[in-house]
Structures are given as C-alpha cells and as structure tokens.
Amino acid sequence: MPAFLESRVTARIEGDFVVFLIGMRINKPWKVHRWLPVLMAMPKMLKELDAAPAGIGCLGYTSLGMTTLVQYWRSFDCLEAYARAREKAHWPAWVEFNRRMKDSRGDVGIWHETYRVRAGEYESVYSGMPLSGLAKVAESAPVATGTESARERLGLGA
C-alpha cells in the first residue's frame, strides 16, 4: 500500500506544462465487442509512455477510475507529436477506433480536454492520501507560511 501524506503538500513544476484529460463512456454496456477494444487500447499506450525517454515529454499520469485519465505533458507540441506518430501505440488505436465506430458512434464515446498551463498559474494541495496528480509527476513541497491558501499558492496575496 502506498504511503499516505501526513501533512499538506503542494505541487511545483518549472515552466509551462499541459494537462490532458482523456476518457471514454460506455453507452451500451451489452455491446462489449464495441467498448472493450477501446478500453484495452489505453494500457498499451500507458506502458509505452512509461518506457519512453523523458524527451518524449510525457511527465506522467493519474488514473481517475477505469475510464478516465489525467496526463501531464511538458508541452502541447510533445503531446501532439506522440498522438500523431504513426509508429506509436496511439495512432493505430485511433485509426482502428474510427474504423469500428464509423456507423455506431453511440455505442461507446471518447472525449478529451487539453489545457495549456502557464508557469505559476496553477495551485494544488494534497493531504492524507498517497502522492498523486501534479505533485507525483513533478515535485512536491510542504504547504508553509505564504502557501496556506489557494489564493497564496496562486500568487494573488493573502
């Protein structure tokens, strides 16, 4: 079992970064042949990203259940380069998904949201849980005087 944080910590990361949320929605659970391949494609991509050199730009990820993931990337260019690289796991999975869903988009849905975050324009706090999210993929620091509130962590004063 992972260690639990015994005090409050916040995340710190140098420079800009990208937060990429991605998920799927099973609309027709009885059509396993439609949604199972989509569900099974993600672990291959995550394994590939885990093994990739730092230069690919994926800082890490956090799972939010079985069908949603938060990924952290150094830049949008890094994320896009991975997504469009034909030799990487994402491209053939995307092509196959579109081929399979061409006439049945309502069986399973996929979604993503991409956020470009400027340096210093984010805040976070974690307590009483294993290290996760941005603090897990970047750096964690104790919440201390001057960083007690979200407002202070965002640099907006007390």
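Positions within a chain are numbered from 1, following the residues in the order the chain's sequence is written. Only residues with pLDDT of at least 70 are given local features in this predicted model, and only at 80 or more are side-chain atom pairs given and counted; all residues enter the totals for whole chains, interfaces and linings. To get the side-chain values, take all heavy atoms of the structure and skip hydrogens and water.

Engineer: Please give an account of the overall build of the protein chain that cites residues and values.
Structural biologist: Across its full length, the protein chain holds five helices and six strands. Think of it this way: any DSSP run of H or I at least four residues long counts as a helix, any run of E at least two long counts as a strand, and we number them from the N terminus. Starting at the N terminus, the α and β elements of the protein chain follow one another as β-β-α-β-β-α-α-β-α-β-α. Seen through its principal axes, the protein chain has C-alpha atoms that stretch 55 × 30 × 30 Å. Looking at the protein chain residue by residue over its 158 residues, the buried ones come to 34%. For the purpose of counting charges, residues Lys and Arg are taken to be positive, whereas Asp and Glu are taken to be negative. His and the chain ends are not included. The location of each charge is read from NZ of Lys, CZ of Arg, CG of Asp or CD of Glu. Each charge class in the protein chain can be summarised by its mean position, and for the 21 positive and 17 negative side chains these summaries are 9 Å apart. Per-residue accessibility, obtained with a 1.4 Å probe over protein chains only, is compared with the maximum for each type, and a residue is labelled buried under 20%, exposed over 50%, and partly exposed between these values.

Engineer: Could you give an account of the packing of aromatic side chains, naming the residues involved and the relevant values?
Structural biologist: Two numbers describe a pair of aromatic rings. These are the distance of the centres and the angle of the planes. Any pair of Phe, Tyr and Trp rings, taking the six-membered ring for Trp, is counted once the centres come within 6.5 Å. Such a pair is stacked with planes under 30 degrees apart, edge-to-face with planes over 60 apart, and tilted for the rest. Taken as a whole and judged by the stated rule, the model has three aromatic pairs. With centroids separated by 5.3 Å and ring planes inclined at 80°, the aromatic side chains of F17 and Y122 adopt a geometry described as edge-to-face. Here F17 is found in strand β2 (residues 17–26), whereas its partner Y122 is found in the loop between β5 (108–117) and α4 (133–137), with 105 residues between them in sequence. Judged by relative accessible area, F17 falls into the buried class, the value being 4%.

Engineer: Go over the sheet that holds strand β4 (residues 68–73) with me, naming the residues and quoting the values.
Structural biologist: Paired strands are those between which DSSP finds at least two bridges. In space, the four strands of this open sheet follow the order β3-β4-β2-β5, with antiparallel pairing throughout. The open sheet is flanked by β3 (58–63) and β5, the only strands paired with a single partner. Ignoring strand direction, the axes of neighbouring strands in this sheet form an average angle of 15°. Here six bridges tie β2 to β4, and the two strands are oriented antiparallel to one another. Following the sheet pairing, L21 is matched in β4 by V70. Interaxial angles span 0 to 180 degrees and are taken between N-to-C directions of axes, which are lines fitted to C-alpha atoms, for helices over the stretch in contact.

Engineer: Give a description of the packing of helix α1 (residues 32–51) against helix α3 (residues 90–101) that names residues and reports values.
Structural biologist: Interhelical geometry of α1 versus α3 gives an angle of 170° and a closest axis separation of 10 Å. The orientation of α1 with respect to α3, classified from their angle, is roughly antiparallel. Here α1 contributes H33, R34, P37, V38, A41, M45 and E48 to the contact with α3, which in turn contributes H90, A93, F97, R100 and M101. Under this scheme an angle from 65 to 115 degrees is roughly perpendicular, one under 35 degrees roughly parallel, and one over 145 degrees roughly antiparallel; angles in between are oblique. Should any heavy atoms of two residues lie within 4.5 Å, those residues are considered in contact.

Engineer: Please set out the nonpolar core residue by residue, giving values where relevant.
Structural biologist: We define a nonpolar core as any set of buried Ala, Val, Leu, Ile, Met, Phe, Trp, Tyr and Cys residues linked to one another through side-chain atoms lying within 4.5 Å. Ranked by size, the top nonpolar core spans 15 residues in total, and within it F17, V19, Y72, Y122, Y126 and L134 carry the most contacts. Breaking this core down by element, the ones donating at least two residues are β1 (9–12), β2, β4 and α4. Dropping the residues within four chain positions of it, Y126 is found in contact with L5, S7, R8, V9, T10, A11, S132, G133, L134 and A135.

Engineer: Lay out the confidence of the model for the protein chain with the relevant residues and their values.
Structural biologist: Looking at the protein chain, pLDDT values average 91 and 100% of them are 70 or higher. The least confident element of the protein chain is α3, whose mean pLDDT is 86; the most confident is β4, at 97. Scored from 0 to 100, pLDDT reflects the predictor's confidence in each residue.

Engineer: Which residues make up α3, and what values do they have?
Structural biologist: Working rule for helices: expected span equals 1.5 Å times residues minus one. Over its twelve residues, α3 extends 16 Å from the first C-alpha to the last, a length consistent with the 16 Å expected when each residue adds 1.5 Å. Within α3, the full set of buried residues consists of H90, F97 and M101. Angular distribution of buried residues about the axis of α3 spans 30°; they occupy a single face of the element. Directions drawn from the helix axis to the C-beta atoms are what define this arc.

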